[in-house]
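Survey of secondary and tertiary structure
Now for the letters of each chain:
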Amino acid sequence: MERKPLIAGNWKMNLDLDEAVSLVNAIADSISGFQEVDVLVAPPFTALTAVKQAIGNSKILLGGQNMHWEMSGAFTGEISGKMLQEIGCTHIILGHSERRMLFGETSEVIDLKVKSAVALGLVPILCIGETIEQKEAGQTFEVIEDQLVASLKNFRVNKDLPPSTVLAYEPVWAIGTGLTATPEQAQEVHYFIRKWVENNFDSKLAQQIRILYGGSVKPDNVKELMSETDIDGALVGGASLKSDSFVRLIRFQEV
Ligand code: 13P
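Residues numbered from 1 in each chain as written. Predicted model: local features only at pLDDT ≥ 70, side-chain atom pairs only at ≥ 80, totals over all residues. Heavy atoms only, no water.

1. Some points on the environment of Glu228
Assignment of secondary structure puts Glu228 in the loop between α11 (222-226) and β8 (233-236). Using a relative accessible area of 18% as the deciding quantity, one classes Glu228 as buried. For the pair Glu228 and Tyr191, spaced 37 residues apart in sequence, the C-alpha separation works out to 9.8 Å. Sequence-distant contacts of Glu228, defined by excluding residues within four places in its chain, comprise Pro183, Glu184 and Gln187. (Helix = DSSP H or I, 4+ residues; strand = E, 2+ residues; numbered from the N terminus. Buried < 20%, exposed > 50% of the residue type's maximum accessible area, 1.4 Å probe, protein only. Contact = heavy atoms within 4.5 Å.)

In structure tokens, the structure reads:
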């Protein structure tokens, strides 16, 4: 099964409006006519409208970094998936380790968010990954399985997870640290995740779903990572904030 690679930039809480627009313009210029890879950017909420406008007719996909699971209501400081959709988002990053660890998001809450996103027709990019302590205690697979079970609880009941769903394996110890999982380490976990999807849903879905790797992905390690069978793309933080490095990631086949 051929899965089209997806290179996604998670800008986190970075870039001012001018920088955001310049970056997306530069990406759009450099990939015009380039169809081999799907490209997504996830700017901060306040830049979404300007970035959407700058995207124009380019094929760059737009994602949010987080959302509330309700459509509207008394939730001060929150943004609903419907609101994100209204300004042009088609994708939504959910369960990022920074949300889980710094803002206390549990897999139960993430499950509600994934359910709400799918009901709206937003494509969830569900993040999972172990900490360094968990890795050193040999708990990587257990942690990944627990996160998958709890974050996709709603879908396991009816076995109705859409094939467009994206899973992102982001080992917490590799995020922003310059430490990357070796391609073999990442592949082992990606294979485990795909097997889990097969065992809990079906083999067709397991072959369709894209699994991204995230954690210090850079132009000099992307090709090796992407050569692994079960790595279908990258969720990139730092290297997505500059057009030259992000475009080199998108054009990883030419690196
Ligand atoms: P870095 O690429 O900066 O390590 O961040 C990865 C990440 O958290 C993407 O969501």
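Back to the write-up after that little detour.
2. Focus on the sheet that holds strand β3 (residues 61-64)
Ordered by their spatial adjacency, eight strands build a closed barrel running β1-β2-β3-β4-β5-β6-β7-β8, and the pairing between neighbours is parallel. Strand-to-strand twist in this sheet, taken as the mean axis angle between neighbours without regard to direction, amounts to 25 degrees. Alignment of β3 against strand β4 (residues 91-94), held across two bridges, turns out to be parallel. Bridge pairing links Gly63 to His91 in β4. Packing of helix α2 (residues 48-55) onto the sheet brings it into contact with β2 (38-42) and β3, and relative to β3 it is tilted by some 170 degrees. Running at roughly 155 degrees to strand β1 (residues 6-10), helix α12 (residues 243-250) makes contact with β1, β2 and β8 of the sheet. (Pairing = 2+ DSSP bridges. Axes fitted to C-alpha atoms, helices over the stretch in contact; angles between N-to-C directions.)

3. Some words on the site of the ligand
In the region of the ligand, 13 residues are neighbours, and Lys12, His96, Gly176, Ser216 and Gly238 sit closest. Glu170 has a polar side-chain atom sitting 2.9 Å from an oxygen atom of the ligand. Between the ligand and Gly237, the relevant distance is 2.9 Å, taken from an oxygen atom to a main-chain nitrogen or oxygen of the residue. A total of 310 Å² of accessible area belongs to the ligand in isolation, and the protein chains cover 96% of it. Taken together, the residues of the shell around the ligand sort by class into four nonpolar, seven polar and two charged. (Near = heavy atom within 4 Å. Polar contact = N/O pair within 3.5 Å; in protein donor to acceptor, adjacent residues only side chain to side chain. Areas by Shrake-Rupley, 256 points an atom, 1.4 Å probe, with all protein chains shown as cover. Nonpolar A, V, L, I, M, F, W, Y, C, P; charged D, E, K, R; others polar.)

4. Structural notes on the pairing of β8
Where burial is concerned, the two faces of β8 agree: the one with Gly233 and Leu235 and the one with Ala234 and Val236 are both buried. Bridge count between β1 and β8: four bridges; the pairing is parallel. Paired with Gly9 across the strands is Val236, a residue of β8. In the sheet, strand β7 (residues 210-214) pairs with β8 via two bridges, with the strands oriented parallel. In the sheet register, Tyr213 faces β8, and the bridge partner there is Ala234.

5. With respect to the packing of aromatic side chains
Scanning all chains against the criterion turns up three aromatic pairs. Look at Trp196 and Phe201: their rings are 6.1 Å apart centre to centre, the planes differ by 65 degrees, and that puts the pair in the edge-to-face class. Summarising the burial analysis for this pair, Trp196 and Phe201 share the class buried. Over the face of the ring belonging to Phe34 we find Arg251, whose NZ or CZ atom lies 4.5 Å from the ring centre. (Phe/Tyr/Trp six-rings, centres within 6.5 Å; stacked < 30°, edge-to-face > 60°. Lys NZ or Arg CZ within 6 Å of the ring centre and 35° of its normal.)

6. Thoughts on helix α5 (residues 107-120)
Quick reminder: α-helices carry 3.6 residues per turn. Residues three or four places apart thus point the same way. Along its 14 residues, α5 runs 20 Å from first to last C-alpha, staying within 8% of the 20 Å computed at 1.5 Å per residue. If you check which residues of α5 are buried, you get Ser107, Ile110, Asp111, Lys113, Val114, Ser116, Ala117 and Leu120. In this fold, the buried residues of α5 make contact with α3 (81-86), β4, α4 (97-102), β5 (123-128), α7 (140-151) and α8 (153-158). Just downstream of α5 lies Gly121, where phi reads positive at about 90 degrees. (Expected span 1.5 Å × (residues − 1).)

7. A few points about a nonpolar patch on the surface
A cluster of nonpolar side chains, namely Met101, Leu102 and Phe103, defines an oily patch on the protein surface of about 370 Å² accessible area. Turning to its location among the elements, Leu102 is positioned in helix α4. Classification of Leu102 as exposed rests on a relative accessible area of 62%. (Patch = residues over 30% accessible without salt bridge, like charges linked within 9 Å, V, L, I, M, F, W, Y side chains within 5 Å. Salt bridge = Lys/Arg side-chain N within 4 Å of Asp/Glu carboxyl O.)

8. Observations concerning the environment of His68
Position of His68 relative to the elements: it lies in the loop between β3 and α3. The spacing of His68 and Arg248 is 180 residues in sequence and 33 Å in space, taken between C-alpha atoms. When near neighbours in sequence (up to four residues on either side) are disregarded, His68 contacts Phe75, Glu78, Ile79, Ser80, Gly81 and Ser116. A distance of 2.9 Å separates a polar atom in the side chain of His68 from the backbone nitrogen of Glu70.

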